[in-house]
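The residues making up each chain are set out below.
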Amino acid sequence: MIRSKHFVGVQLMNFGDHVKTLRNNCQLTQAELARRLDVSMSYISKVERGRLHSGDYPSEKFIHKLAEELEADEDELLMLAGKVPLSIRRRIRERPEVFQIIAKMNDKQIDKLMGDLPKPPSKA
């Protein structure tokens, strides 16, 4: 099961729980979301319960459609699904030395770094 400890300073749940919360916030049933995404209701259920086999795990294309349908942050969903968003991959290629340093930091060092950074604009 994929879990994310933090995303922009906010405690998050695993991918499936997050999808379920987003779906419920949109007042959609699993069947309705499945119909809109052209997948089976069983697939949506497996996504939400974290019961997919590695070959069945959501593709970036599926996550893009899911984010659009649920009006969710695509990058957040990608990261929760263990995928690196294109925007981050580009920055890694542009500045690999920065990401190598961050990868070697412990949580305390990262928390200090995050505290020194400007806060991102809040989503309205």
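Quick caveat: nothing in here was measured; it's all calculated off a predicted structure.

K.L.:
Lay out the packing of helix α1 (residues 15–25) against helix α4 (residues 60–70) in plain terms, naming residues and giving numbers.
P.N.:
Packing of α1 against α4 brings their axes to within 10 Å, and their N-to-C directions diverge by 35°. Where α1 crosses over α4, the handedness of that crossing is left-handed. Seen from α1, the contacting residues are Phe15, Val19, Leu22 and Arg23; seen from α4, they are Ile63, Leu66 and Leu70. Residue composition of the contact of α1 with α4, by class: 6 nonpolar, no polar and 1 charged.

K.L.:
Tell me about the environment of Glu69, and name the residues and values.
P.N.:
Its location among the elements puts Glu69 in helix α4. By relative accessible area, which is 25% here, Glu69 ends up partly exposed. Taking C-alpha positions, Glu69 is 7.9 Å from Leu33, a pair spaced 36 residues apart along the chain. Here the side chain of Glu69 touches Arg36 through a polar contact of 2.9 Å, side chain to side chain.

K.L.:
Account for the confidence of the model for the protein chain, naming residues and giving values.
P.N.:
Low pLDDT means the predicted atomic positions in that stretch should not be read closely. Per-residue confidence for the protein chain averages 87 on the pLDDT scale, and 86% of its residues sit at or above 70. Ranking the elements of the protein chain by mean pLDDT puts strand β1 (residues 6–7) last, at 44, and helix α2 (residues 30–37) first, at 98. Considering only residues more than four positions removed or in separate chains, one finds that residues 1–11, a stretch of pLDDT under 50, has 21 contacts.

K.L.:
Outline the pattern of salt bridges, listing residues and values.
P.N.:
A side chain of one charge can pair with a side chain of the opposite charge if their charged atoms are brought near each other. Summed over all chains, the structure comprises 8 salt bridges. The partner of Glu32 in a salt bridge is Arg35, with the nearest N and O atoms 2.7 Å apart. Placement of both Glu32 and Arg35 in helix α2 is noted, with a separation of 3 residues, approximately one turn of the helix. In this structure Arg35 comes out as exposed when scored by relative accessible area, which is 57%. Its salt-bridge partner being Asp116, residue Lys112 comes within 3.2 Å of it at the nearest N-O pair. On the criterion of helical spacing, the pair formed by Lys112 and Asp116 is a turn pair, its members being 4 residues apart in helix α8 (residues 107–116). Judged on exposure class, the residue Lys112 and its partner Asp116 are both exposed.

K.L.:
Lay out a nonpolar patch on the surface with the relevant residues and their values.
P.N.:
Residues Val84, Ile92, Val98, Phe99 and Ile102 make up a contiguous nonpolar surface patch of about 320 Å² in total accessible area. Counting residues per element, the nonpolar patch draws most heavily on helix α7 (residues 96–104), which supplies 3 residues. In this structure, Phe99 sits in helix α7.

Each value, and the rule that gives it
Residues numbered from 1 in each chain as written. Predicted model: local features only at pLDDT ≥ 70, side-chain atom pairs only at ≥ 80, totals over all residues. Heavy atoms only, no water. Axes fitted to C-alpha atoms, helices over the stretch in contact; angles between N-to-C directions. Helix = DSSP H or I, 4+ residues; strand = E, 2+ residues; numbered from the N terminus. Left-handed = near helix turned anticlockwise from the far one by under 90°. Contact = heavy atoms within 4.5 Å. Nonpolar A, V, L, I, M, F, W, Y, C, P; charged D, E, K, R; others polar. Buried < 20%, exposed > 50% of the residue type's maximum accessible area, 1.4 Å probe, protein only. Polar contact = N/O pair within 3.5 Å; in protein donor to acceptor, adjacent residues only side chain to side chain. pLDDT = per-residue confidence, 0-100. Salt bridge = Lys/Arg side-chain N within 4 Å of Asp/Glu carboxyl O. Patch = residues over 30% accessible without salt bridge, like charges linked within 9 Å, V, L, I, M, F, W, Y side chains within 5 Å. Areas by Shrake-Rupley, 256 points an atom, 1.4 Å probe, with all protein chains shown as cover.

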